[in-house]
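# Notes for the structure review
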Amino acid sequence: MLTMNDDLEGALKEYLNLLDKEEYFEAHEVLEEAWHPLRLSNHSLKNLVKGFINGAITFEHIKRDRKNVKDKAQRVIASYERYKHLCTDSIEHAELFNQAGQKIESLKLKHAEVFDVLVP
């Protein structure tokens, strides 16, 4: 029987794989499925996972060039920004969460025009 921990680890690995393929909606779905039991049990990682779910969906809005994409993307990424500080080396699956954070940050730079990021 899989534990919540195994489910989260597998979901994070798939999330990273899907981000690499620019399949942002699917990445969001995979992580959301693992998030539901975390949310219901009030798990300490529930907010961090929710932030990464919104991080992925942000880039789906950009990919689909949604109406008012800049406003939508900035609103949705706010959840990721609010919780990313919870990604520390002391949490479960820290390496996977750090990799996910690096991917989201690189996507923000790739789409700097949406986020008003200063690029050197």
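Treat the numbers as computed from the prediction; the structure is a model and nothing was measured.

### Observations regarding the packing of helix α3 (residues 46-63) against helix α4 (residues 69-83)
Running from amino to carboxyl end, α3 crosses α4 at an angle of 160 degrees, the nearest separation of the two axes being 7 Å. In terms of orientation, α3 lies roughly antiparallel with respect to α4. Of the two possible hands of crossing, α3 and α4 adopt the one that is left-handed. Taken together, the residues of α4 that come into contact with α3 (itself represented by Asn47, Leu48, Lys50, Gly51, Phe52, Asn54, Gly55, Ile57, Thr58, Phe59, His61 and Ile62) are Val69, Lys72, Ala73, Val76, Ile77, Ser79, Tyr80 and Tyr83. The residue makeup of the contact of α3 with α4, split by class, is 11 nonpolar, seven polar and two charged.

### Concerning the packing of aromatic side chains
Here the structure, examined in full by the defined rule, presents five aromatic pairs. Centre to centre, the rings of tyrosine 15 and phenylalanine 52 are 6.3 Å apart; their planes meet at 85 degrees, and the pair counts as edge-to-face. Pair noted here: tyrosine 15 is in helix α1 (residues 4-20) and phenylalanine 52 is in helix α3, with a separation of 37 residues, a long-range link. In this structure, tyrosine 15 and phenylalanine 52 share a single accessibility class: buried. Pairwise contacts between aromatic rings join Tyr15, Phe52, Tyr80 and Phe97 into one cluster. For the cation-ring pair, lysine 50 lies above tryptophan 35, with the distance from its terminal atom to the ring centre recorded as 4.6 Å. Sitting above the plane of the phenylalanine 25 ring, arginine 64 keeps its charged end 5.7 Å from the centroid.

### Points about helix α5 (residues 94-110)
Two residues of an α-helix separated by three or four positions point the same way, owing to the 3.6 residues in each turn. Counted at 1.5 Å a residue, the expected span for α5 with its 17 residues is 24 Å, and the 24 Å between its end C-alpha atoms agrees. Of all the positions in α5, only Ala94, Leu96, Phe97, Ala100, Gly101, Ile104, Leu107 and Lys108 are classed as buried. Summarising the axial view, the buried residues of α5 lie within an arc of 160 degrees, below the 170-degree limit, and thus occupy one face. Residues Glu95 and Gln102 are exposed on α5 and point more than 90 degrees away from its buried face.

### Thoughts on unusual backbone geometry
Residue aspartate 65 is not a glycine yet carries a positive backbone phi of 50 degrees. Checked against the element boundaries, aspartate 65 lands in the loop between α3 and α4. We classify aspartate 65 as exposed; its relative accessible area is 59%. A positive phi angle is found at histidine 93, which is not glycine, with a value near 60 degrees. Accessibility expressed as a relative area gives 16% for histidine 93, which makes it buried.

So, how was this worked out
- Per chain, residues are indexed from 1 in the order of the written sequence.
- Since the coordinates come from a predicted model, pLDDT governs what is reported: local features require at least 70, and pairs of side-chain atoms require 80 or more to be given and counted, while whole-chain, interface and lining totals use all residues.
- The basis for every side-chain value is the complete set of heavy atoms in the structure, and neither hydrogens nor water enter the calculation.
- Interaxial angles span 0 to 180 degrees and are taken between N-to-C directions of axes, which are lines fitted to C-alpha atoms, for helices over the stretch in contact.
- Helix and strand assignments come from DSSP, with helices taken as H or I runs of at least 4 residues and strands as E runs of at least 2, each series counted from the N terminus.
- With respect to orientation, any angle under 35 degrees is reported as roughly parallel, any angle over 145 as roughly antiparallel, any angle of 65 to 115 as roughly perpendicular, and every other angle as oblique.
- Left-handed describes a crossing in which the near helix is turned anticlockwise from the far one by less than a right angle; the clockwise case is right-handed.
- In what follows, residue pairs with any heavy atoms lying within 4.5 Å of each other are defined as contacts.
- Throughout, the ten residues Ala, Val, Leu, Ile, Met, Phe, Trp, Tyr, Cys and Pro are labelled nonpolar, Asp, Glu, Lys and Arg are labelled charged, and all others, Gly among them, are labelled polar.
- Stacked, tilted and edge-to-face are the three classes assigned to paired rings of Phe, Tyr and Trp, where Trp is represented by its six-membered ring and a pair needs centres within 6.5 Å; plane angles under 30 degrees give stacked, over 60 edge-to-face, the rest tilted.
- Remark: exposure states derive from per-residue accessible area (1.4 Å probe, protein chains only) relative to the maximum for the residue type, with buried under 20%, exposed over 50%, and partly exposed in between.
- Geometrically, a charge over a ring is one whose NZ (Lys) or CZ (Arg) sits within 6 Å of the ring centre while staying within 35 degrees of the ring normal.
- A helix is expected to span 1.5 Å multiplied by its residue count minus one.
- Our arc is simply the arc of the directions from the helix axis toward the C-beta atoms.

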